[in-house]
Amino acid sequence: MTARGPLVDQVCGQLRQAGVVAVVGPTGFGKSAVLDAVCTAWQAAGDPVVRLSSARADANIAYAPLMDLFTACPAEVRGELSELQRSTMDWVLRRVAGPEPDTATFRGTVLSCLQAWGRRARPLLSADDVQWWGPGSLDVFGFAARRSRGSVSLLAALRPDGPSPHDVLGGGAVEIGIPPLSPEESATVVGSFGIPLRTAGRIHAATGGSPRLVSDIAAGLARAGHSATAWDAEPLAPHARKAMRAWLADLAEPVRRVLLLAALAADPSLDGIRRATGYTADAAPTADAALAAAQDAGLIRVVDGAVSFPAPVLREGIVAEAGRESVRRAHRALAAVSTGADDRTWHEASALAPATTAARLVLVLADAAAAARERGDHTRAAEFALLAVDRAGGTRPDLLVCAARDAETAGRFDLAWTALDRLDRTRAGPAQRARARIAVVDAAGRGAALLADIAARALADATAADEPALVSAAHLRLAWSTHLTRGYSAEALAHACAAVEWAERAGDPASRAAAITLTARIQQGRGSPEHAGTLRLALEPGAAGGTGASAGDPPPISDDPRRVAVSFALLEDRLDEAGQLLDALRPGFGSVAGRADPGRLLGCAVLIHAHGGDGRAAREEARRLLALARELGASPGPPWYAAAIAELAGGTLEQALAYAGLGLTASEEEKDTVFAAHCLHLSGRTRLFLRDTVGALADLLRVRDLVRELSVRDPAAIRYDADLAEALVAAGDVEAAARTIADARDPARELGRRGVLASLDRAQALCAAATGEFTAAERLLTRAWEAFARLGYPLECGRVLLTHSAVEQRRRRPARARELHAAAEAVFRKADAPLWEPDRPERTGARAGLAGLTDAEQRIAELVADGRGNRDIAASLYVSVKTVEAVLTRIYRKLGVRSRVQLVALVHKDRHQPAR
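All values derive from a computational prediction rather than experimental measurement.

Trainee: I keep staring at the nonpolar core and nothing clicks. Help me out?
Mentor: A general tendency of soluble globular proteins is for nonpolar side chains to be buried together. If you look at the biggest cluster of nonpolar residues, it comprises 244 residues, and the most contacted ones within it are L213, L259, L299, L314, I891 and L903. Excluding residues within four positions of it along the chain, L903 makes contact with A861, V864, L888, I891, Y892, L895 and V897.

Trainee: So what exactly am I meant to see when it comes to the pattern of salt bridges here?
Mentor: A side chain of one charge can pair with a side chain of the opposite charge when the charged atoms of the two come close. According to the stated counting rule, one finds 59 salt bridges in the structure shown. Ionic pairing is found between D832 and R616, a salt bridge with its closest N-O pair at 3.9 Å. Of this pair, D832 sits in the loop between helix 42 (814–830) and helix 43 (855–865) while R616 sits in helix 32 (residues 615–632), and the two are 216 residues apart along the sequence. Through salt bridges with shared partners, one network takes in R685, D723, E726, R762, E796 and R799.

Trainee: So what exactly am I meant to see when it comes to the packing of helix 23 (residues 430–443) against helix 24 (residues 452–465) here?
Mentor: Helix packing geometry: the angle between the two helix axes and the distance between the axes. Put simply, helix 23 and helix 24 touch, their axes get as near as 8 Å, and they point 150° apart. With respect to helix 24, the element helix 23 is oriented roughly antiparallel. Helix-helix and strand crossings are classified by hand; for helix 23 and helix 24 the assignment is left-handed. Note on element contacts: helix 24 touches helix 23 through I454, A455, R457, A458, D461, A462, A464 and A465, opposite P430, A431, R433, A434, R437, I438 and V441.

Trainee: Please clarify how unusual backbone geometry should be interpreted in this entry.
Mentor: Among all residues except glycine, the phi angle is most often negative; among peptide bonds, the trans geometry is most common. Backbone geometry places R94, a non-glycine residue, at a positive phi of 60°. For R94, the position within the fold is in the loop between helix 5 (83–92) and helix 6 (103–118). Located in the positive-phi region is D129, a residue other than glycine, with phi close to 55°. Among the secondary structure elements, D129 is positioned in the loop between strand 3 (124–127) and helix 7 (135–147).

Trainee: Hey, could you run me through the side chain of R159 in this one?
Mentor: Here R159 shows up in the loop between strand 4 (153–158) and helix 8 (165–169). Here R159 is in contact with G25, T27, K31, Q131 and D250, once residues within four sequence places are set aside.

Trainee: Teacher, can you tell me more about the environment of R149 here?
Mentor: Looking at where R149 falls in the secondary structure, it is placed in the loop between helix 7 and strand 4. Spatially, the C-alpha atoms of R149 and A456 are 71 Å apart, while their sequence positions differ by 307 residues. Setting aside anything within four residues of it in sequence, one finds R149 in contact with V20, L169, G170, G171, G172 and A173.

Trainee: Looking at this structure, I do not really get the packing of helix 22 (residues 413–423) against helix 23. What am I missing?
Mentor: Contact geometry of helix 22 with helix 23 gives a least axis separation of 9 Å together with a crossing angle of 155°. Between helix 22 and helix 23, the crossing angle belongs to the class labelled roughly antiparallel. Note on packing geometry: the crossing formed by helix 22 with helix 23 is left-handed. Each of F413, A416, W417, L420 and L423 in helix 22 lies in contact with helix 23, whose residues at this interface are Q432, R433, A436, R437, V440 and A443. Across the contact of helix 22 with helix 23, the residue classes tally to eight nonpolar, one polar and two charged.

Trainee: Would you mind showing me how to read the sheet that holds strand 1 (residues 20–24) here?
Mentor: Spatially, five strands are ordered 2-3-4-1-5 in an open sheet, and the strand pairing comes out parallel. The sheet is open, and its two borders are formed by strand 2 (49–52) and strand 5 (174–177), each paired with just one other strand. Looking at each pair of strands side by side, their axes are set apart by 15° on average, direction ignored. Bridge count between strand 3 and strand 4: four bridges; the pairing is parallel. Counterpart to L125 in the pairing with strand 4 is L154.

Trainee: Is there a simple way to explain the packing of aromatic side chains in this structure?
Mentor: How two aromatic rings sit relative to each other is given by the distance of their centres and the angle of their planes. By the definition in use, this model includes ten aromatic pairs. Aromatic side chains W133 and F141 sit 5.3 Å apart centroid to centroid with 85° between the ring planes, which places their arrangement in the edge-to-face category. Judged by its relative accessible area of 6%, W133 is buried. Ring-pair connections join several aromatic residues into one group, and the members of that group are Y63, W91 and F106. In this structure, R380 is placed above the aromatic ring of W346, and the distance from its NZ or CZ to the ring centre is 4.3 Å. The ring of W502 carries the charged tip of R505 above its face, separated from the ring centre by 4.1 Å.

Parameters at a glance
- Residues numbered from 1 in each chain as written.
- Predicted model: local features only at pLDDT ≥ 70, side-chain atom pairs only at ≥ 80, totals over all residues.
- Heavy atoms only, no water.
- Core = buried A, V, L, I, M, F, W, Y, C linked by side-chain atoms within 4.5 Å.
- Buried < 20%, exposed > 50% of the residue type's maximum accessible area, 1.4 Å probe, protein only.
- Contact = heavy atoms within 4.5 Å.
- Salt bridge = Lys/Arg side-chain N within 4 Å of Asp/Glu carboxyl O.
- Helix = DSSP H or I, 4+ residues; strand = E, 2+ residues; numbered from the N terminus.
- Axes fitted to C-alpha atoms, helices over the stretch in contact; angles between N-to-C directions.
- Parallel < 35°, antiparallel > 145°, perpendicular 65-115°, else oblique.
- Left-handed = near helix turned anticlockwise from the far one by under 90°.
- Nonpolar A, V, L, I, M, F, W, Y, C, P; charged D, E, K, R; others polar.
- Pairing = 2+ DSSP bridges.
- Phe/Tyr/Trp six-rings, centres within 6.5 Å; stacked < 30°, edge-to-face > 60°.
- Lys NZ or Arg CZ within 6 Å of the ring centre and 35° of its normal.

Below you can see the structure in the form of structure tokens.
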């Protein structure tokens with residue numbers, strides 16, 4: 001119940017305050033789990049808990065829930081009841097025979113029991129699965145609940161289609177609706193099973209956040225050994241069958257028949273389902289009643305005559321549970337009432353057994369696929385093509401290639417993978433295989449890093465086909481996948497250059513422009529000043545216009561050179577220009593099915609707003625990006641990274657750290673080393689703001705190693721150097737910090753990276769202050785603030801002010817320190833951003849005996865007092881033994897002690913004194 005912690009806390013709080021709470025939610029939303037967690041918390045506080053449960057099999061047992069109450073009733077409470085009431089309890093527990101007591105006796109017995117118990121303790125009665133209670137139990141319990149307020153606490157889990165809170169608990173109960181899991185909560189649940197985060201996004205979309213479906217599917221995938229290389233190819237419905245069978249078992253047969261029609265219809269409507277049931281107009285209300293029952297059970301929604309499934313995976317499950325013959329009958333009924341030619345064709349073909357499919361129908365399905373493609377419905381086009389191949393006995397590789405390409409355009413990796421898998425079983429030619437493999441790589445997005453072998457096989461097939469356009473496309477995909485895993489390596493650059501050369505041979509300007517764009521990206525990361533000129537080639541008028549390649553050739557990777565121009569403007573700290581370039585591309589934001597890349601555009605928008613100090617806009621764009629990524633099944637690493645950036649600009653440091661962690665996990669799962677380094681830097685940076693020096697150093701040193709592995713030589717690509725230097729200063733290793741700054745400063749000057757240079761000035765000021773050079777520190781901080789102000793980076797200006805305040809505090813100028821800190825607070829407040837440091841109370845815990853020590857010095861003194869040796873301290877703080885020894889020398893001098901023993905004694909004495 002970790003993902004539902006806030007909800008459990010809310011229920012507990014309302015129980016303590018109001019005493020009566022109804023938890024309301026559809027089947028599968030985790031009501032029982034919430035009740036269990038609340039009961040556990042209640043018992044941990046020392047109060048008794050009575051769980052009243054029931055099941056379908058108990059529905060015909062008179063007063064079954066009261067058995068739980070009377071069984072748990074303490075002997076001393078029973079002793080206060082009358083002989084008639086004790087006899088009634090024994091009758092319920094089947095200890096005595098005889099006629100059933102009357103209703104008034106039942107009511108009085110339960111009420112007296114609760115009141116007597118309440119005089120001794122504050123018991124909690126937790127009622128679950130109330131929909132299976134009989135009328136007598138509801139009557140008696142409701143009577144007692146209304147009159148025992150203040151004696152006991154009452155908690156019930158209710159379904160929307162079951163008894164009302166008033167019937168169970170009486171009036172005045174606090175109703176708490178159980179919402180579906182948020183995407184973050186779903187990711188937490190799925191991640192606990194070791195399932196990749198990309199799959200978590202797909203599960204969340206397929207289940208609508210239903211907790212039971214999320215956990216059941218994740219558990220099923222884990223048992224099946226779900227592989228990260230087949231993220232979206234694995235069907236989800238089979239892993240949710242247990243839950244779905246339980247839900248469907250509660251429904252009458254007519255309801256299940258109507259649900260099957262809704263599940264099979266392309267766009268189910270109330271009118272269409274009415275007609276498909278075969279009822280006359282007078283019998284139409286019967287269909288309405290069936291849909292209403294399904295809606296009450298939480299399986300569907302009916303809004304403005306349209307029927308939808310809150311958990312889309314239920315559509316697959318309903319079909320799977322119905323059986324082949326039932327499905328064919330439903331298809332025949334839908335075909336008879338379909339008004340659209342494509343829908344009628346789909347249902348007619350699906351109603352036939354493969355052995356009876358006419359050749360004419362295969363051609364009709366192929367035409368339907370082409371028509372769907374023409375109107376932009378690429379998912380439907382892929383589905384029509386796959387159905388045509390299925391009806392043709394799997395002998396149409398041309399249709400499988402079309403299906404793979406349509407699936408890629410729609411962002412449906414599962415359909416693309418299915419098409420390729422079927423294609424590999426045919427006698428397809430090398431060109432067809434190459435095209436399908438390229439479509440699968442493109443459908444994977446940044447997950448293409450996991451499919452380098454598919455891209456390599458595509459190159460081999462393209463070479464065998466002797467088609468220059470295909471060879472160029474395969475080289476471009478290999479360059480992309482290599483770039484994701486090994487960054488700005490010579491291998492990635494070589495493949496990108498080869499893609500340019502083969503595109504020129506093919507006379508394909510669009511592919512040439514895409515290859516040139518990727519070449520520029522790799523050159524930039526390698527620190528080559530040629531990257532700007534290379535990108536200009538891709539931006540030249542007509543560079544991507546027209547095509548000399550075949551219409552059947554795969555389109556270039558969706559990386560518009562104009563979007564890369566926005567990225568380059570951000571790297572070069574031209575924030576206004578980046579915004580103007582992005583505004584010119586905004587019409588493409590809404591394009592999902594085309595070749596525009598709204599996800600990357602939104603990522604740029606988040607960065608522009610965050611750098612400019614507009615945290616509210618940054619968070620809004622990040623929410624859109626996360627929603628779009630889930631809709632398209634895209635790689636979740638970059639969206640989580642963008643969400644973390646937005647939180648730093650307009651949310652909380654803690655949430656930023658959580659999002660950065662999700663982005664890191666997702667990127668590592670997909671072997672996207674480039675974005676893993678970005679997320680790791682953001683995690684280290686946020687930990688630095690939270691004064692977690694050890695955690696920050698661990699993250700930032702890993703970033704340094706990754707940057708070297710990725711051959712990143714442009715310090716603006718991943719701006720970690722200044723943060724690493726600051727963390728090293730905080731850990732007491734000023735020499736290492738100075739070396740880090742010096743190593744980054746030369747390439748930053750050479751490439752004109754003004755923002756990087758300003759950050760390095762800020763970090764160098766900390767080095768200067770640590771060695772007592774306060775005048776130099778002040779000069780560097782002034783220069784840094786002026787640079788960030790010119791660049792239009794208000795939050796970075798605020799960070800400089802915070803640093804300056806800390807330096808003045810160390811300089812023993814508290815009034816000036818407070819003035820600078822107040823100015824920093826004003827900057828972050830104006831931007832509606834969190835202050836980039838821990839809350840003030842956390843920063844006031846300095847002990848009197850350790851006054852005058854820096855944070856790093858205090859940390860080392862504490863570790864010495866804990867009995868840690870110098871080598872152990874160095875390892876835990878990620879610094880050298882020499883650094884620890886130097887810091888200890890400074891500590892001895894500042895505190896006036898001469899030995900380790902005296903230092904330990906001073907720290908232990910200090911720990912027993914109150915903090916200032």
